[in-house]
Amino acid sequence: MSTALRRNVSILSLVLASASASAAEVEDLNARLARLERENAAMRMENAALRENKRLREENGRLRSAENSEPMRSASSNGAAGSGRLAADRSAAPASLRAGLEARDPYQSYASADGPGAYKAPARPASGVLKIWGEGGAIWSGGDRFFQDAGTALAAFPNTTVSPPLDLTPKVGWEAATGFDYLIAGSPWHVSGQLRYGQSGQASAQILSSGRLDLGRGSVITASDTFDATYQESRWLADIAIGRDVFGTGPGALQVKGGLRLLDFETRATNSDLLRQNASIVDVGNVVFTNVDAAQANDGANRNSFLGAGPRVGVEGSIPFAGRWSLDYLSDVAVLFGVQRNVVNSRSQSSASVPVLAQPGTSFTVSTERNTALFNADLQFGLSYWINENVKLGGSYRVDALINTQDTTFTPNRFTHGPRLTVTGQFDAR
């Protein structure tokens, strides 16, 4: 081979080697550009997710600071829209990156059950919730005391003790109640009502007295007197109300309610006085009777009542703790406008072994009424335990107050209090 030919071959070899090196560099450069584009696409999607996350945090804070907590539908819809945009971005990304981005999706962290509680908006029940409850317990009465005059017909007899007025303040009694609360589906509004009836234990007292009166000349009168008195109170009330959850939802919500209260309060007092006498000698005109027996019975009944209605406002709620336990509370106030009535019945009759000595019987009824207003309030608090998702058993203490705005002669100021046992059933009402 000539020198010139060898030189040409060498030059051709160099050109081919240079072309091969240039092709490898171009391929490497293209691969690096492809990686950069994939990384840029991933960063754009992550930045979009972070911006959406920040926006939702700010919106969540504004909604939580609002006075009335409403279901965060706007956040949900915005989250859905953001998820849609992210899904579109992911579909444009290479398949090798989609799995990794989905694993790092920031929305999954707070949409999951174990995500931060700050991102979880309590949902309203899709169906209505109906609660039916019943309760009962003992009551003790306080407030104005009730006294019965115990004057005796033997007050004129020597050495006869006159009893002071009898204290007939009500004894321990009982109260029972039932009611319902319906939470309207998908809303914070409630409709509720209750019916209560209670009565005090009957207070009673008896006084026995006797005496002897010497009139001289062999005339002696002996007598005995039996005085009995009783007193008892009873009342019932009915409520209907509309309420709204103003703080929280579900079992831990605070509900404010307003409505109408109808109340009837009655007191019943009775007394009876039986006087028996024996006279050794009775001179009637020119006729003299010996060993004469006589008896006189006086009976009385006094019924005071109030029936009225008026506006009522209240709050109630529960504070769940320790799993199935909760602290329950409620309070109401009402102003009642109505009529007070007082009815007094009295009857007297007598008998004697000598008929002409018996006095004729008498009876009368006196009724009085007037318009007035009463103030009524109640407070109840206690603990309860959910036996299962539908039944709750609770124990509480309740205080009721009935305050007369005028003269308490008709209706006394009365405070009743005592423990309660409550059973509540909860059901979905579709």
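Thresholds, definitions, all that
Residues numbered from 1 in each chain as written. Predicted model: local features only at pLDDT ≥ 70, side-chain atom pairs only at ≥ 80, totals over all residues. Heavy atoms only, no water. Helix = DSSP H or I, 4+ residues; strand = E, 2+ residues; numbered from the N terminus. Buried < 20%, exposed > 50% of the residue type's maximum accessible area, 1.4 Å probe, protein only. Contact = heavy atoms within 4.5 Å. Phe/Tyr/Trp six-rings, centres within 6.5 Å; stacked < 30°, edge-to-face > 60°. Patch = residues over 30% accessible without salt bridge, like charges linked within 9 Å, V, L, I, M, F, W, Y side chains within 5 Å. Areas by Shrake-Rupley, 256 points an atom, 1.4 Å probe, with all protein chains shown as cover. Salt bridge = Lys/Arg side-chain N within 4 Å of Asp/Glu carboxyl O. Pairing = 2+ DSSP bridges. pLDDT = per-residue confidence, 0-100. Polar contact = N/O pair within 3.5 Å; in protein donor to acceptor, adjacent residues only side chain to side chain.

Caption draft 1: Layout of the overall build of the protein chain. Counting secondary structure elements, the protein chain contains 4 helices and 13 strands. Per-residue burial for the protein chain yields a buried fraction of 35% across its 430 residues. Counting only contacts in the protein chain whose residues sit at least 6 apart along the sequence, the fraction spanning at least 24 positions is 71%.

Caption draft 2: Structural detail: the packing of aromatic side chains. Under the counting rule described, the total for this entry stands at 3 aromatic pairs. Ring centres 4.0 Å apart and planes at 15 degrees place the aromatic pair Phe146 and Tyr231 in the stacked group. Residue Phe146 is found in the loop between β1 (128-143) and β2 (147-148), and its partner Tyr231 is found in strand β7 (residues 219-247); the two are separated by 85 residues along the sequence. A centroid spacing of 5.0 Å and a plane angle of 55 degrees characterise the contact between Trp325 and Tyr385, whose relative ring orientation is tilted. Residue Trp325 is found in strand β10 (residues 325-352), and its partner Tyr385 is found in strand β11 (residues 362-386); the two are separated by 60 residues along the sequence. A residue is classified by how much of its surface remains accessible, and Trp325, at 38% relative accessible area, is partly exposed.

Caption draft 3: Representation of the side chain of Asp400. Relative to the elements of secondary structure, Asp400 occurs in strand β12 (residues 391-404). Exposure remark for Asp400: the relative accessible area of 1% places this residue in the buried category.

Caption draft 4: Seen up close, a nonpolar patch on the surface. A contiguous nonpolar surface patch, about 860 Å² in accessible area, is contributed by Ile319, Phe321, Trp325, Leu327, Leu383, Tyr385, Ile387, Leu393, Leu421 and Val423. Breaking the nonpolar patch down by element, the ones donating at least two residues are β9 (287-321), β10, β11 and β13 (414-429).

Caption draft 5: Quick look at unusual backbone geometry. The phi dihedral of Ala322 falls on the positive side, at around 50 degrees, and the residue is not glycine. With relative accessibility at 59%, the residue Ala322 sits in the exposed group.

Caption draft 6: How the structure looks around the pattern of salt bridges. Counted according to the given criterion, the structure contains 21 salt bridges. Across the pair Glu175 and Arg196 runs a salt bridge, and its minimum N-O distance is 3.0 Å. With Glu175 in strand β4 (residues 171-183) and Arg196 in strand β5 (residues 189-201), this pair connects stretches of sequence that are 21 residues apart. By the burial criterion, Glu175 is buried, and Arg196 matches it. Put simply, Arg398 and Asp378 hold a salt bridge, and the shortest N to O gap is 3.5 Å. Here Asp378 lies in strand β11 and Arg398 lies in strand β12, a separation of 20 residues in the sequence.

Caption draft 7: Molecular detail of the pairing of β13. Two elements, β1 and β13, share 14 bridges in a ladder whose sense is antiparallel. Residue Gly142 lies in a different strand from β13, and its bridge partner there is Phe415. With 12 bridges connecting them, β12 and β13 associate as antiparallel partners. Each residue of the ladder has a partner; that of Leu402, found in β13, is Arg414.

Caption draft 8: View of the confidence of the model for the protein chain. Summarising the model, the protein chain shows a mean pLDDT of 80, and 76% of its residues fall at 70 or more. Across residues 69-122, where pLDDT falls below 50, the model places 64 contacts with residues more than four positions away in sequence or in other chains.

Caption draft 9: Structural detail: the pairing of strand β6 (residues 203-216). Of the pairings in the sheet, the one linking β6 to β7 comprises 13 bridges and is antiparallel in character. Across the sheet, the residue bridging to Ala203 is Tyr231, located in β7. The hairpin turn running from β6 into β7, its antiparallel successor, is 2 residues long, and Arg217 in that turn takes a positive phi close to 55 degrees.

Caption draft 10: Up close: the side chain of Arg196. You can call Arg196 buried: its relative accessible area is 4%. A distance of 2.9 Å separates polar atoms of two side chains, one belonging to Arg196 and the other to Glu135. When near neighbours in sequence (up to four residues on either side) are disregarded, Arg196 contacts Trp133, Glu135, Glu175, Ala176, Ala177, Arg235, Trp236, Leu237, Gln380, Arg398 and Arg420.

Caption draft 11: Spotlight on the environment of Gln380. Relative to the assigned elements, Gln380 resides in strand β11. Taking C-alpha positions, Gln380 is 6.4 Å from Ser331, a pair spaced 49 residues apart along the chain. Those residues within four positions of Gln380 in sequence are excluded, and the remaining contacts are Glu135, Arg196, Asp328, Tyr329, Leu330, Ser396, Tyr397, Arg398, Arg420 and Thr422.

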